[in-house]
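# Inside the fold
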Amino acid sequence: APWKKLVFACNFFHAVIQERRKFGPIGWNKAYDFSNSDLETSMMTLRNFLDEQDFIPWPALVYVTGMINYGGRVTDDLDRRLLMSILAKYYNPDVLDDSYKLTPSGVYRVPQEGDLSLYQEYIRGLPITDTPDIFGMHDNATLQFEMQESKKVVDVVLSIQPQVSSAGGGKTSEESVADLAKEIEEKMPRILDRENASKEKDPFAITESGMANSLGTVLGQEMDRFNKLILVVRKSLKDIQMAIQGTIVMSGDLDLMFTRMLNNQVPALWERYAYPSLKPLAGWVKDFLERVEFMDRWLCDGEPNSFWLSGLFFPQGFLTGALQNHARKTQIAIDRLNFGFNMSSVTDVAELEGQPENGIYIHGLYLVCAQFDLEKKMLIESSPGSMFAELPVIHFEPVENYN
């Protein structure tokens, strides 16, 4: 009878999808609260199918368990696809074969049919630390999980450590923050001003079709956002230095800013006006300066050969603007256009000789726990210990009725 093997497979599947949550966004795009009621319902479904049928209706069993019992909680299409792929490994005819392995190593498998003690003995013999292959993930996934846990511990330690100066005549906390604020203030870029726009390659000029340049509109909107952030950062840096000197009152925002700068964290006051970022303060400042420099070059030198997509506040608006430009150029309705993607072999933007005839070149995108093979033009597994891999320049080409 397949009952015992399928019960074990169902429970194992439940454990796997629960544990994938610890890997964060590489486990699931969204965090789902799979509960014991999902497991109990799936067990009842399994029993009903086995009792009412002379054979095992695999397609119906997989559909009801994956799309209804568990899939009812899943809101992301790719997560649902992943859920069904994982379930297919546990609900298939091969599971009933004693030689079937859940992982290539053979450590994880469905035990031979027996009594309860046999299953308990097998479970007690499993590794204490789960290897990532049971979750269908690369070894680097464990590295990322450990980094996340370490960061949590460090954040807790930083939040409770006393704000005292180091022994031996080192700098006080006030001196350290004041020096850091002054250093960042000296690096602050100028405001992005439309009057500095290139005369020969004006990014706001009317296009050949006689219509407004949508990318110029996007540039103007991005400039406004960056200028607002520049002003906020610049003013807060002046205020924190004056508050440390006692010239002005240390407000709640400045006090929090003081603590976060001392811990190499981005002040919450800046995050309110900034783009989403997980970088620490030092990396955030460097990245911020590079983003403003890119916008300044776009403004003063005209449209670049390749656009730094991840360096924008609102990438979706930029992509819509690129589609609008193509729609006006070709007289094709924008709702009939979508992007096709061509991966190039160019990894250095400086190697590009110019812009494409249609569409745009994009750079600045990364893969997590994977990498792109430039020769085979396909995704491959990431190298051990390499968490992020930069993609080459990508040609985003508008295509009519692209699916």
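A few points on the structure. Every chain is numbered on its own, with residues counted from 1 as its sequence reads. Under the rules for a predicted model, residues below a pLDDT of 70 receive no local features and side-chain atom pairs below 80 are neither given nor counted, while totals for whole chains, interfaces and linings still include all residues. Only hydrogens and water are set aside; all other atoms, that is, all heavy atoms of the structure, feed into the side-chain values.

### Some points on the overall build of the protein
Inclusion rule: Helix and strand definitions here come from DSSP, where helices need a minimum of 4 consecutive H or I residues and strands a minimum of 2 consecutive E residues; each element is numbered from the N-terminal end. Each radius of gyration is computed over the set of C-alpha atoms, and the globule rule expresses the reference value as 2.2 Å times the number of residues to the power 0.38. Note on exposure labels: buried denotes an accessible area under 20% of the residue type's maximum, exposed denotes more than 50%, and partly exposed covers the range between, all computed with a 1.4 Å probe on protein chains only.
Helix and strand counts for the protein stand at 12 helices and 8 strands. Taken over the C-alpha trace, the protein has a radius of gyration of 28 Å; the compact-globule value for 403 residues is 22 Å, which it surpasses by more than 25%. Seen through its C-alpha atoms, the protein measures out along the principal axes to roughly 80 × 70 × 35 Å. Out of the 403 residues belonging to the protein, those deemed buried represent 41%.

### Quick word on the environment of Arg81
Mapping Arg81 onto the fold places it in helix α4 (residues 77–90). Put simply, Arg81 and Met67 are 14 residues apart on the chain and 9.5 Å apart in space, counted from C-alpha to C-alpha.

### A look at the sheet that holds strand β8 (residues 394–400)
We count it as follows: Only strands that DSSP links by at least two bridges are regarded as paired with each other. To get an axis, a line is fitted to the C-alpha atoms, and for a helix only the part in contact is used. The angle between two axes follows their N-to-C directions and goes from 0 to 180 degrees. We call two residues in contact whenever any of their non-hydrogen atoms come within 4.5 Å of each other.
Spatial strand order, β1-β3-β8-β2: 4 strands in an open sheet with mixed pairing. Every other strand in the sheet has two partners, leaving β1 (306–308) and β2 (337–343) as the edge strands with one partner each. Neighbour-to-neighbour, the strand axes of this sheet turn through a mean angle of 40°, independent of strand direction. Inspection of the sheet shows β2 paired to β8 by 7 bridges, in the antiparallel sense. Across the sheet, residue Asn342 finds its bridge partner in β8, namely His395. On top of the sheet, helix α12 (residues 315–330) reaches β1, β2, β3 (360–363) and β8; it is set at about 105° to β2, its chief contact.

### Some words on the pattern of salt bridges
Operational definition: Salt bridge criterion: a side-chain nitrogen from Lys or Arg within 4 Å of a carboxyl oxygen from Asp or Glu.
Under the counting rule described, the total for this entry stands at 18 salt bridges. Ionic pairing is found between Glu149 and Lys152, a salt bridge with its closest N-O pair at 3.5 Å. Residue Glu149 and its partner Lys152 are both found in helix α6 (residues 140–160); the two are separated by 3 residues, about one turn of the helix. Lys235 is the salt-bridge partner of Asp239, the closest N and O atoms lying 2.8 Å from each other. Placement of both Asp239 and Lys235 in helix α8 (residues 214–245) is noted, with a separation of 4 residues, approximately one turn of the helix.

### Some remarks on unusual backbone geometry
Notably, Asn264 is not glycine yet its phi reads approximately 60°, a positive angle. Positionally, Asn264 belongs in the loop between α9 (252–262) and α10 (268–271). Unlike most non-glycine residues, Gln331 shows phi in positive territory, near 60°. For Gln331, the location among the structural elements is in the loop between α12 and β2. Take Gln331: its relative accessible area is 69%, and that puts it in the exposed class.

### A short note on helix α7 (residues 173–187)
Note the following rule: Each residue after the first adds 1.5 Å to the expected span of a helix. Relevant arc is that of directions from the helix axis to the C-beta atoms, nothing else.
With 15 residues, α7 extends 22 Å between its outermost C-alpha atoms, agreeing within 8% with the 21 Å of an ideal straight helix rising 1.5 Å per residue. Considered for burial, the residues of α7 that qualify are Ser173, Val177, Ala181 and Ile184. End-on view of α7: buried residues confined to an arc of 70°, all on one side of the axis. Buried residues belonging to α7 abut α8, α9, α10 and α11 (281–301).

### With respect to the nonpolar core
Using the following cut-off: Buried Ala, Val, Leu, Ile, Met, Phe, Trp, Tyr and Cys residues form a nonpolar core when they are joined through side-chain atoms within 4.5 Å.
The biggest cluster of nonpolar side chains holds 56 residues, and the ones touching the most others in it are Leu237, Trp270, Trp284, Phe288, Trp298 and Phe318. At 12 residues, α8 tops the list of elements feeding residues into this core. Setting aside its immediate chain neighbours within four residues, Trp270 contacts Ile184, Leu229, Val232, Val233, Ser236, Leu237, Met257, Leu281 and Trp284. Counting residues in hydrophobic clusters, the runner-up holds 41 residues, among them Tyr32, Tyr91, Val110 and Ile134.

### Quick notes on a nonpolar patch on the surface
Basically, it comes down to this: Patch membership needs two things, relative accessible area over 30% and no salt bridge, and members are linked within 9 Å if like-charged or within 5 Å if nonpolar (Val, Leu, Ile, Met, Phe, Trp, Tyr). Working definition of accessibility: Shrake-Rupley area with a 1.4 Å probe, residue cover restricted to the visible protein chains.
Together, Tyr366, Val368 and Phe388 line one region of the surface with nonpolar side chains, adding up to about 320 Å² of accessible area. Take Phe388: it is sitting in strand β7 (residues 388–390).

### Re the packing of helix α1 (residues 3–19) against α4
The following threshold applies: Each angle is binned into one of four classes, with values under 35 degrees roughly parallel, values over 145 roughly antiparallel, values of 65 to 115 roughly perpendicular, and all other values oblique. A clockwise turn of the near helix away from the far one marks a right-handed crossing, whereas an anticlockwise turn of less than a right angle marks a left-handed crossing. Following the grouping adopted for this structure description, the nonpolar residues are Ala, Val, Leu, Ile, Met, Phe, Trp, Tyr, Cys and Pro, the charged ones are Asp, Glu, Lys and Arg, and the polar ones are all others, Gly among them.
Contact geometry of α1 with α4 gives a least axis separation of 9 Å together with a crossing angle of 150°. Looking at the two axes, α1 sits roughly antiparallel to α4. Along this stretch, α1 crosses α4, giving a crossing that reads as right-handed. Facing α1, whose interface residues are Ala9, Phe12, Phe13, Val16 and Ile17, α4 presents Leu83, Ile86, Leu87 and Tyr90. Looking at the contact of α1 with α4 residue by residue, the classes come out as 9 nonpolar, no polar and no charged.

Honestly, it's all geometry; don't read function into it.
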